[in-house]
Protein chains: 4
Amino acid sequence: MTITLTQNDYGKSRVRLLRVSRQEGRHDIHELTLQILFEGDFETAHTKGDNSKILPTDTMKNTVYALARQYPSEALENFCSHLIEHFLTYNPQISRVRIEAQESLWNRIVLGGKPHPSAFQHGSQEKRTAALNGAREGTTIRSGIADLIVLKTTKSAFEGFLKDPYTTLKEDRDRILSTSIHADWLYESGDVEFSTLWHGIRQTLLETFAEHDSQSLQHTLYAMGEAVLQNFQHAREIRLSLPNKHFNRVDLSPFGMDNPAEVFLPTDEPHGLIEAALRRD
Amino acid sequence: MTITLTQNDYGKSRVRLLRVSRQEGRHDIHELTLQILFEGDFETAHTKGDNSKILPTDTMKNTVYALARQYPSEALENFCSHLIEHFLTYNPQISRVRIEAQESLWNRIVLGGKPHPSAFQHGSQEKRTAALNGAREGTTIRSGIADLIVLKTTKSAFEGFLKDPYTTLKEDRDRILSTSIHADWLYESGDVEFSTLWHGIRQTLLETFAEHDSQSLQHTLYAMGEAVLQNFQHAREIRLSLPNKHFNRVDLSPFGMDNPAEVFLPTDEPHGLIEAALRRD
Amino acid sequence: MTITLTQNDYGKSRVRLLRVSRQEGRHDIHELTLQILFEGDFETAHTKGDNSKILPTDTMKNTVYALARQYPSEALENFCSHLIEHFLTYNPQISRVRIEAQESLWNRIVLGGKPHPSAFQHGSQEKRTAALNGAREGTTIRSGIADLIVLKTTKSAFEGFLKDPYTTLKEDRDRILSTSIHADWLYESGDVEFSTLWHGIRQTLLETFAEHDSQSLQHTLYAMGEAVLQNFQHAREIRLSLPNKHFNRVDLSPFGMDNPAEVFLPTDEPHGLIEAALRRD
Amino acid sequence: MTITLTQNDYGKSRVRLLRVSRQEGRHDIHELTLQILFEGDFETAHTKGDNSKILPTDTMKNTVYALARQYPSEALENFCSHLIEHFLTYNPQISRVRIEAQESLWNRIVLGGKPHPSAFQHGSQEKRTAALNGAREGTTIRSGIADLIVLKTTKSAFEGFLKDPYTTLKEDRDRILSTSIHADWLYESGDVEFSTLWHGIRQTLLETFAEHDSQSLQHTLYAMGEAVLQNFQHAREIRLSLPNKHFNRVDLSPFGMDNPAEVFLPTDEPHGLIEAALRRD
């Protein structure tokens, strides 16, 4: 019997970092969490316990801090690109570096109507994400959004669906629609204004969700993806993963009451899940 | 040997509810989570297995939904007061009802600069809280805030502290200060505009945190509590519980670099914890 | 207007520690998490920003590690007592030290039927807890258990309860009973074999839960507390907080099927909550 | 511009279930959580809002309960196979069903040295997992383990690694090694004794972790995978994903103390991550 190592990688997860950039009269902060994975010529580490080609994951972490000091604060995607370039340059033993990064969002505290120059409150659990896959022949960049929770109280139906003997769900012409947006998109190139595009795509996703006359979450997912591809030429492909966070109308009839869509039960489980990828041809 | 039941209560936790109020051209939503506990004459349930005085916790949950239908959407504190009144009126066997409630915050999606009438995005993990303690002789009401995470990059020092042989902490004239605000305050009476006051007190807490020239988190905690009691006559007492969320400056000297307060390590554990209560006499 | 600081404390939370004791041929490990809070003469820190009486929380953390090195591995309660004694001895400015500690449980990996001398697997989420309240006049010690999740498929009913117009719950002669045991008990003195007693009390709680002919969770809670007080003279008082983790029988009648107590829906929310304290007189 | 839907699926997540099988004098319980995803001919749901080929996710959930009633309690993999067969048989519009399932582990409460017939305590956070991918041409079955946390206090070194200017990690001949085992393996066929094999493979993973003379986590990972493939012919491939849960020796030298590998700091972040797949050829 022969045993083959068909795939392997290693790296560091949950490397956390707060960057502060201090201009006169205005500070900016960026809170990042990174995962860095190396692929390369590591087979003997596995099979022989030979660590001579293993740069410690602790060094990957140190490198994040050292490069954060060397490069001015910049878009998440650019910082990750610098890291990839560094690792590929100084490590001939590696063939590929994959970085997943997320940024927690902070807003300025507002004082007397004005954003404070150096005091912040944490935003929602939404994260700005980036996933870079860097090889010697080039790097692909996906930017994204995770955990952006939205809800609408109108313009959502779910009717005309398939029924089988185990189907008890009632048709609904006017339900609550809620999801947690997970989206990422592939850029055609790495030479774009990442932050400007991120904010634009995020706003397009929110607007389409809010305004779409939804026949299902599939229907709205597609509209959201289509709107992004139609409006942002730099995005070649978009993937969306949308849990259907059910808010069930509470049945008040046992108490002799109606419920004109006023009282709902929020539920975390079970939940629907709708996923798709759209690509411009 | 005699065994005495010195204290007992029972109730329902994590009762969740989304209320939608539908005015022409504008919907409002409120997402609540409640815990309801009864105190009263339940000893025989414990000692004899006699359930004749035990209203099921499932009924407490149903009552929340039924009363939500009967009363228009209103401040968290008012809704909890209605629940307490209901339970005390119809349940002679109980002497006290304690309700802890929290509201998750949703913001309107902004479209073309305008808040959308029926589409929302979830706010931060911050919660508006209420804790009511209702007995036959009266009800006390505490309102509060939980998990409001803030951070400032200036005006925070920690110097001149006590040192012992195990002290290694360095004095710091300019550190990052971050906490998660947990505050609650006791109202003099239940006849106030709860939502207006809540927003006012929250803003006072944020402004004081932002502007205070902090010598320690204790120092800032006191300033925050004092500002609330000085500006809001209806609040008689305020309690604050503030974790010190440490952001440690990364030591880059092993790499031959300085770190002019630009690169920090966010940490969740261990963390400091500062607690106090202030009262107006 | 006068503002009074009515209460204040400060300290360090989530101080984590793994102790390894290495005997020939056998290692033991103990994983602890501690919270240490000081009460004392700290008013000027709040009101004037004077830190001269504030021992840093970072020093509290260091002290945990230093004392772990000085004292051999021992029961959680004994280690916390050493910490309290240290802090009270060297800090005249403090009047009280409160420590809450929990130990995560690890079991030995079994190899060929034998417990391994130096390899372990993590136990359940159950924790052994201790809460010590140390003042100059003496220290009280509570030991406890948290998050010990149990379930029984027989000997649990809930019948004969009070009904009102919002009651829809059906009487149930044979339901599943499940809870997460949170218990703590007060020792008469600090001069006992803590670990032996802890294991004994834990076993008594489990056995009583398993064997009791339950008419309600109140009924079983009381039986559990009573059994501990009757069998363990060193425990003067016991508090129990038991969530009622509902497992609802799934209604299969829409599919033309019965459900003879075979298929249940586990739920996390909402859940009942039953709390009581029992004392020996 | 043409937009293509390149991939899509939908289904139900976090479908929870407790199965009780009641033999005379002995009950068995199995707590499961499932995710079911359909792939198929759903394009018009996305592009036109046509739901006529969309079986509701609510029906998927109902089907889980109905089939649990119809089939006796059995291995996780077998139950998922029944679900896949059902969905493929009655839904010509679908081409593929993917199910991810996990089972939480419960142990019997021990009373007087004997396992109780109907009372249980929850096991560790470890889960037994299964991932089935069912298409019309056949089904692949992966079984696995998640969150099995282990630790060893001997036989772990990390030396001779690559160093660069950002490397500060010291060589270590005797460190603590801890990980959370995530493993899954592909079965050659679906006609095996899944539960017997699962227990055997789990024991092999634990034994290899415990006994291996580790030069790195890569080295141990490979030994674990190799042992499984060598001993279990039915497993064709195994994937392992092992976080390196660091326990750092606390530096007590500032207090004039040594630390002979007795006091460690457990950390959750950052952590190393080692991943690989091994295949028998």
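Small disclaimer: the values here were computed from a predicted structure and weren't measured. (Residues numbered from 1 in each chain as written. Chains lettered and ligands numbered in written order. Predicted model: local features only at pLDDT ≥ 70, side-chain atom pairs only at ≥ 80, totals over all residues.)

### Details of the overall build of chain A
Part 1 of the argument: Helix and strand content of chain A: 5 helices and 10 strands.
Part 2 of the argument: Across its three principal directions, the C-alpha atoms of chain A cover 75 × 70 × 40 Å.
Part 3 of the argument: When the 281 residues of chain A are sorted by exposure, 46% land in the buried category.
Part 4 of the argument: Here the contacts in chain A between residues at least 6 apart in sequence split such that 64% fall between residues at least 24 apart. (Helix = DSSP H or I, 4+ residues; strand = E, 2+ residues; numbered from the N terminus. Buried ≥ 20, exposed ≤ 12 C-beta atoms within 10 Å, placed from the backbone. Contact = placed C-beta atoms within 7 Å.)

### Structural notes on the relation of the copies chain A and chain C
Part 1 of the argument: Each copy of the sequence occupies a distinct position, and chain A is placed on chain C by a rotation of 180° and an axial shift of 0.0 Å, giving an RMSD of 0.0 Å. Considering both components of the superposition, the chain copies are consistent with a two-fold axis.
Part 2 of the argument: Of all interface residues in chain A, 100% are interface residues in chain C too; the two copies therefore contact each other through one and the same surface. (Least-squares fit on C-alpha atoms with pLDDT ≥ 70 in both.)

### Notes on the interface of chain A and chain C
Part 1 of the argument: Between chain A and chain C, the residue contacts involve 5 residues of the former and 5 residues of the latter.
Part 2 of the argument: Its residues placed into classes, the side of chain A that touches chain C shows 4 nonpolar, 1 polar and no charged. (Nonpolar A, V, L, I, M, F, W, Y, C, P; charged D, E, K, R; others polar.)

### Section: the interface of chain A and chain D
Part 1 of the argument: Counting from both sides, the interface comprises 68 residues of chain A and, opposite them, 68 residues of chain D.
Part 2 of the argument: If you list the elements that add at least two residues to the side of chain A that touches chain D, you get β1 (3–23), α1 (43–48), α2 (57–70), α5 (217–231) and β10 (271–280) of chain A.
Part 3 of the argument: Broken down by class, the residue content of the side of chain A that touches chain D amounts to 28 nonpolar, 25 polar and 15 charged.
Part 4 of the argument: Sheet topology places β1(A) next to strand β10 (residues 271–280) of chain D; 10 bridges connect them, and they run antiparallel. When the bridges of β10(D) are listed, A:Gly11 appears paired with D:Leu273. (Pairing = 2+ DSSP bridges.)

### Quick notes on the relation of the copies chain A and chain D
Part 1 of the argument: Superposing chain A onto chain D takes a rotation of 180° combined with a translation of 0.0 Å along the rotation axis, leaving an RMSD of 0.0 Å.
Part 2 of the argument: Both copies share a contact surface, since 100% of the interface residues of chain A are interface residues in chain D too.

### Points about unusual backbone geometry
Residues and elements named next belong to chain A.
Part 1 of the argument: Residue Pro-270 follows Glu-269 across a cis peptide bond; omega there is -10°.
Part 2 of the argument: With respect to the helices, strands and loops of the structure, Pro-270 is situated in the loop between β9 (263–266) and β10.
Part 3 of the argument: Even without being a glycine, Arg-14 presents a positive backbone phi close to 55°.
Part 4 of the argument: As for its position among the elements, Arg-14 is in strand β1.
Part 5 of the argument: On the neighbour-count criterion, Arg-14 (15 C-beta atoms within 10 Å) is partly exposed.

### Section: the confidence of the model for chain A
Part 1 of the argument: Scored by pLDDT, chain A comes out at a mean of 97, with 100% of its residues at no less than 70.
Part 2 of the argument: For this predicted complex, the interface score ipTM comes out at 0.96, alongside a pTM of 0.97. (pLDDT = per-residue confidence, 0-100.)

### Description of the pairing of strand β4 (residues 114–135) of chain B
Part 1 of the argument: The sheet contact formed by strand β5 (residues 138–152) of chain A and β4(B) spans 3 bridges and is antiparallel. Its bridge partner being in β4(B), A:Lys152 is matched across the sheet by B:Ala119.
Part 2 of the argument: Relative to β4(B), strand β3 (residues 94–111) of chain B runs antiparallel, the two being bridged by 14 bridges. Opposite B:Arg96, over in β4(B), you have B:Ala135 as the bridge partner.
Part 3 of the argument: Once β3(B) ends, the chain turns through 2 residues before running back antiparallel as β4(B), passing B:Gly112 with a positive phi of about 55°.
Part 4 of the argument: In textbook terms, the turn of a hairpin is the stretch between consecutive antiparallel strands, and for β4(B) and strand β5 (residues 138–152) of chain B this stretch comprises 2 residues.

### Here's the deal with the pairing of β5(B)
Residues and elements named next belong to chain B.
Part 1 of the argument: Taken together, the 9 bridges between β4 and β5 define a ladder with antiparallel strand orientation. Bridging from a neighbouring strand, Ala-130 pairs with Ser-143 of β5.
Part 2 of the argument: Pairing of β5 with strand β6 (residues 177–187) involves 9 bridges; the strand directions are antiparallel. Along β6, the bridge assignment pairs Leu-151 with Ser-178.

### Examining the environment of A:Ser214
All names here are of chain A.
Part 1 of the argument: Looking at where Ser-214 falls in the secondary structure, it is placed in the loop between α4 (194–211) and α5.
Part 2 of the argument: On the neighbour-count criterion, Ser-214 (21 C-beta atoms within 10 Å) is buried.
Part 3 of the argument: It is 9.1 Å that separates the C-alpha atoms of Ser-214 and Thr-154, two residues lying 60 residues apart in sequence.
Part 4 of the argument: Excluding residues within four positions of it along the chain, Ser-214 makes contact with Lys-155, Ser-156, Ala-157, Leu-177, His-219 and Thr-220.

### Some thoughts on the domain arrangement of chain A
When the parts come together, some accessible area is lost, and that loss is often what is quoted as the size of the interface.
All names here are of chain A.
Part 1 of the argument: Segmenting chain A into domains produces domain 1 (10–135) and domain 2 (148–279).
Part 2 of the argument: If you average the C-alpha positions of domain 1 and of domain 2, the two centres end up 31 Å apart.
Part 3 of the argument: For the side of domain 1 that touches domain 2, the secondary structure elements donating two or more residues are α3 (76–90) and β4 (114–135).
Part 4 of the argument: Looking at the side of domain 1 that touches domain 2, the element that brings in the most residues is β4, giving 4 residues.
Part 5 of the argument: Its residues assigned to classes, the side of domain 1 that touches domain 2 shows 2 nonpolar, 3 polar and 3 charged. (Domains from an automatic or database assignment.)

### A word on helix α3 (residues 76–90) of chain B
An α-helical segment advances 3.6 residues per turn. Residues three or four places apart therefore align on the same side.
Residue and element names in this part refer to chain B.
Part 1 of the argument: Counted at 1.5 Å a residue, the expected span for α3 with its 15 residues is 21 Å, and the 22 Å between its end C-alpha atoms agrees.
Part 2 of the argument: Listed in full, the buried residues belonging to α3 are Leu-76, Glu-77, Phe-79, Cys-80, Ser-81, Leu-83, Ile-84 and Phe-87.
Part 3 of the argument: Considering only its buried residues, α3 is in contact with β2 (26–40), α2 (57–70), β3, β4, β5 and α4 (194–211). (Expected span 1.5 Å × (residues − 1).)

### Observations concerning the environment of D:Phe38
All names here are of chain D.
Part 1 of the argument: Inspection of the secondary structure puts Phe-38 in strand β2 (residues 26–40).
Part 2 of the argument: C-beta crowding within 10 Å serves as the criterion here: with 24 such atoms nearby, Phe-38 is assigned to the buried category.
Part 3 of the argument: Separated by 30 residues in the primary sequence, Phe-38 and Asn-8 place their C-alpha atoms 8.8 Å from one another.
Part 4 of the argument: Leaving out residues up to four positions away in the same chain, Phe-38 has contacts with Asp-9, Tyr-10, Gly-11, Ile-94 and Val-97.

### Structural notes on the packing of α2(B) against α3(B)
Residue and element names in this part refer to chain B.
Part 1 of the argument: The contact between α2 and α3 brings their axes to 10 Å, and the two run at 120°. Of the possible angle classes, the one that applies to α2 and α3 is oblique. As for how α2 packs across α3, the hand of that crossing is right-handed. Listed contacts from α3 to Thr-63, Val-64 and Leu-67 of α2 are His-82, Leu-83 and His-86. (Axes fitted to C-alpha atoms, helices over the stretch in contact; angles between N-to-C directions. Parallel < 35°, antiparallel > 145°, perpendicular 65-115°, else oblique. Left-handed = near helix turned anticlockwise from the far one by under 90°.)

### Considering helix α4 (residues 194–211) of chain C
Part 1 of the argument: Taking 1.5 Å as the rise per residue, α4(C) with 18 residues should run 26 Å; its terminal C-alpha atoms sit 26 Å apart, in good agreement.
Part 2 of the argument: Looking only at α4(C), the buried set comprises C:Phe194, C:Trp198, C:Ile201, C:Leu205, C:Leu206, C:Phe209 and C:Ala210.

### What to know about the environment of B:Thr167
Part 1 of the argument: Looking at the element boundaries, B:Thr167 is found in the loop between β5 and β6.
Part 2 of the argument: Along the chain, B:Thr167 and B:Ser214 lie 47 residues apart, while their C-alpha atoms are 22 Å from each other.
Part 3 of the argument: Setting aside residues up to four positions removed in sequence, B:Thr167 forms contacts with C:Pro56 and C:Thr59.

### A look at the packing of α4(B) against helix α5 (residues 217–231) of chain B
Residues and elements named next belong to chain B.
Part 1 of the argument: Two numbers describe how α4 lies on α5: the axes approach to 9 Å, and their chain directions differ by 145°. The two elements α4 and α5 meet at a crossing, and its hand is right-handed. Each of Ile-201, Thr-204, Leu-205, Thr-208 and Phe-209 in α4 lies in contact with α5, whose residues at this interface are Thr-220, Ala-223, Met-224, Ala-227, Val-228 and Asn-231.

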